[in-house]
Amino acid sequence: TILHNTAKPSEVLINLLPRLPNLLENGTENLRTIVYIIQAYVLLCPGHVTDSIGPAVVSVAASMYSDLVDDGRLMVLRLTETWIKAGPPNTPQVLESLLLTVLSSVHTGSDYLVLMSLHLSILSRLILISHHLFSQLCLRLASAENSNHNDVAGKVMDVWLDKMPCVIAPERRKLLGLALASLLTTESPVVLTRVYLILLNIAEALNDVTRPDDSVAGAGGMIDSLMAGQGDAVLDTDDIDYETEHDSRKRHVAMQDPVHTVVLKDYVQNQITVMSQQLGDNYKQIIMNVDVETRDNLQEYVTL
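Remember, predicted model here, so these are calculated numbers, not experimental data.

A. The arrangement of the overall build of the protein in detail. Across its full length, the protein holds 20 helices and two strands. Expected size for 304 residues packed as a compact globule is a radius of gyration near 19 Å; at 20 Å, the protein falls within 12% of this value. Dimensions of the protein, computed from C-alpha atoms along their principal axes, come out at roughly 60 × 55 × 30 Å. Here the protein holds 304 residues, and 50% of them are scored as buried. Within the protein, contacts between residues separated by at least 24 positions form 68% of all contacts whose residues are at least 6 apart in sequence. As displayed, the protein offers around 14,400 Å² of accessible surface, 51% of which is attributable to carbon and sulfur atoms. Here the protein carries 21 positive and 36 negative side-chain charges, and the mean point of each set is 2 Å from the other.

Structure representation (structure tokens):
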């Protein structure tokens, strides 16, 4: 309650931070409470948490992850996603051990859908932040698996494209669509050999979040229903009539989330335009070979 109603971190609260890694390590029975406290701290003072106890918390969480039941894993993953959303620019580097665990779980492909949905969301956020970091993680996993980068990245993409139709939440489907669209311009053989399934999944994400603009100003255009200020965009807070400082921080983070700030249709159009410039005649060949239904579907939103 104190964390929820505190506008700024006090010295007393800051001085409690060093105790959290040990509590996490020894607190399996109270895991939910401890993770929830760390998450509240991440929203209250993200830079301070990341730089002071970030490495220790991540080390403990990554080492205990495989021993946790699914509910415990879900808590750790939700903390990881909140941290990526709210943390400073160096957050992905600090979270690297947990991100490698996420990547490995997708590579294995056997987790149940709620966990897989979170894994894919976290990877999507990483890809939108840095293709390079995603590639480095694939290299690390390849080394651990005695494999190579393209085989690992390819298996991750195969699981992603297979599981994405089962992800239900529109916010997560849009996030995954944004990440797939961002990969279109990497010129990676891993991406180009799977480009038809990637375009199919992007088209289906567009179907989920794009709707006709019924407003007078809209003049028959299309809108992204998840943009901040649109009717369907539910920002992550509890009761707007009684908003704690914690709720306010969650709302502030949500307002900066690409899900609520980037129009999927416009982003896909930009990526396809860049891709066509990069690939030239090869791009024309790709578009010619896209199945008619997917191509027609995409052309409802973008120019190919």
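B. Quick look at the pattern of salt bridges. One pass over the full model with this rule turns up 11 salt bridges. For Glu 81, the salt bridge goes to Arg 125, with nearest N and O atoms at 2.9 Å. Remark: Arg 125 occurs in helix H10 (residues 113-129) and Glu 81 occurs in helix H7 (residues 70-86); sequence separation between them is 44 residues. A relative accessible area of 7% places Glu 81 in the buried class. Judged by its relative accessible area of 9%, Arg 125 is buried. We note a salt bridge from Asp 266 to Lys 265, for which the minimum N-O separation is 3.6 Å.

C. Representation of the packing of helix H11 (residues 131-144) against helix H12 (residues 149-163) in the model. One way to put it is that H11 packs onto H12 with a least axis distance of 8 Å and a crossing angle of 110 degrees. The angle between the axes of H11 and H12 places the two elements in the roughly perpendicular class. Contacts between H11 and H12 pair Phe 134, Ser 135, Cys 138, Leu 139, Leu 141 and Ala 142 from the former with His 149, Val 152, Ala 153 and Val 156 from the latter. Its residues assigned to classes, the contact of H11 with H12 shows eight nonpolar, two polar and no charged.

D. Up close: the side chain of Ser 121. Among the structural elements, Ser 121 can be located in helix H10. Under the relative-accessibility criterion, Ser 121 is labelled buried at 0%. Once residues lying within four places of it in the same chain are set aside, the contact partners of Ser 121 are Glu 81, Arg 172, Leu 175 and Leu 176.

Criteria and cut-off values
Residues numbered from 1 in each chain as written. Predicted model: local features only at pLDDT ≥ 70, side-chain atom pairs only at ≥ 80, totals over all residues. Heavy atoms only, no water. Helix = DSSP H or I, 4+ residues; strand = E, 2+ residues; numbered from the N terminus. Rg over C-alpha atoms; globule rule 2.2 N^0.38 Å. Buried < 20%, exposed > 50% of the residue type's maximum accessible area, 1.4 Å probe, protein only. Contact = heavy atoms within 4.5 Å. Areas by Shrake-Rupley, 256 points an atom, 1.4 Å probe, with all protein chains shown as cover. Lys, Arg positive; Asp, Glu negative; His and termini not counted. Charge placed at Lys NZ, Arg CZ, Asp CG, Glu CD. Salt bridge = Lys/Arg side-chain N within 4 Å of Asp/Glu carboxyl O. Axes fitted to C-alpha atoms, helices over the stretch in contact; angles between N-to-C directions. Parallel < 35°, antiparallel > 145°, perpendicular 65-115°, else oblique. Nonpolar A, V, L, I, M, F, W, Y, C, P; charged D, E, K, R; others polar.

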